[in-house]
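# Working through the structure, step by step
These are the residues of each chain, in order.
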Amino acid sequence: SAVKISRRVRKPKEESPRVRPFEDGHQCLEAWFGVLGPNREPDESPAALSNIPSFDERKGYFDYISDCTQASLEAGLDLPLEAFIARHELDVVDRLILLVLLRASLDPVSDGGISFVYVLRALGADSYLRRATVVSRLDEEGKLRHLCAVHCIPSSHLKDRFYRLAPWLVKPMTTGEGDVD
């Protein structure tokens, strides 16, 4: 009887991108803004909350950008946004909210801020729990609120709320010029 010999063929592992330090603070900001997804959608109508892409889909990119940021700091690159985040011990949710508000403040076609629905989309807040956490951080409690970093045009209707980063924080977080405290 013949013995059947089979060879297992190993598929090559997908190599993850090599972690490298950023060239400068602007490249770092652009990479972090990429974690938030597109700044503008071709159709600017608000997405149904059930259609918001989950943040979980971006987790791998988030981890990669976190590693590149750490490599940049270890290489001695001055990253004003990271210094602010570390100094105030912001967690992941506050980091992402800060990034959303900073990106909106730098957008030349925005009104200097962002509506609540677009905050949810950028954060990938695709569940009730995630949305409740974002509402709590923006409107009720959290380190960004205590630092007066979040400004809001209030409305009893969530869809009409408009948020912006305190204007005095924009330049220090992007160029390092000015005082953030």
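Higher on the page you've got the structure.
The rules behind each value
- Within each chain, residues carry numbers counting from 1 in the order of the written sequence.
- Given that the model is predicted, a residue must reach a pLDDT of at least 70 before its local features are reported, and side-chain atom pairs must reach 80 or more before they are shown or counted; all residues, however, enter totals for whole chains, interfaces and linings.
- In computing side-chain values, all of the structure's heavy atoms are included and hydrogens and water are not.
- All axes are obtained by fitting lines to C-alpha atoms, using only the stretch in contact for helices, and the reported angles, taken between N-to-C directions, cover 0 to 180 degrees.
- In this description a helix means any DSSP run of H or I spanning at least four residues, a strand means any run of E spanning at least two, and both kinds are numbered starting from the N terminus.
- Crossings are assigned a handedness: left-handed for a near helix turned anticlockwise from the far helix by less than a right angle, right-handed for a clockwise turn.
- Only heavy atoms enter the contact rule, under which two residues are in contact if any of them lie within 4.5 Å.
- Ten residues, namely Ala, Val, Leu, Ile, Met, Phe, Trp, Tyr, Cys and Pro, are considered nonpolar, four, namely Asp, Glu, Lys and Arg, are considered charged, and the remaining ones, Gly among them, are considered polar.
- The rule for a salt bridge is simple: a side-chain nitrogen of Lys or Arg has to be within 4 Å of a carboxyl oxygen of Asp or Glu.
- Each residue is assigned to one of three classes by its accessible area relative to the maximum for its type, calculated with a 1.4 Å probe on protein chains only: buried under 20%, partly exposed between the two thresholds, exposed over 50%.
- Strand pairing is assigned whenever DSSP identifies at least 2 bridges connecting the two strands.

The next subject is the packing of helix H3 (residues 80-87) against helix H4 (residues 92-106). Relative orientation and spacing of two packed helices are given, respectively, by the angle between their axes and the distance between those axes. For the pair H3 and H4, interaxial distance at closest approach is 11 Å and the crossing angle is 140 degrees. Read as a crossing pair, H3 and H4 show a hand that is right-handed. Contacts between H3 and H4 involve Leu81, Glu82, Phe84 and Ile85 on the former and, on the latter, Arg95, Leu98, Leu99 and Leu102. Counted by class, the contact of H3 with H4 contains 6 nonpolar, no polar and 2 charged residues.

We now examine the pattern of salt bridges. Evaluation of the coordinates by the stated rule reveals 9 salt bridges. The salt bridge partner of Arg137 is Asp94, with a shortest N-O separation of 3.2 Å. Within this pair, whereas Arg137 is found in helix H6 (residues 128-139), its partner Asp94 is found in helix H4, the two being separated by 43 residues in sequence. Lys171 is the salt-bridge partner of Glu177, the closest N and O atoms lying 3.3 Å from each other. Looking at Lys171, the relative accessible area reads 48%, which means it is partly exposed.

Moving on to the sheet that holds strand S1 (residues 114-115). Here we have 3 strands laid out as an open sheet, ordered S1-S3-S2, and antiparallel in their pairing. In the strand order of this sheet, the two ends are held by S1 and strand S2 (150-153), each with one partner. The pairing of S2 with strand S3 (residues 162-165) spans 4 bridges and is antiparallel. Each bridged residue has a counterpart across the sheet, and for His151 the counterpart in S3 is Arg164. Lying on the sheet, H4 is in contact with S1, S2 and S3; it crosses S3 at an angle near 85 degrees.

That is the geometry; function is a separate question.
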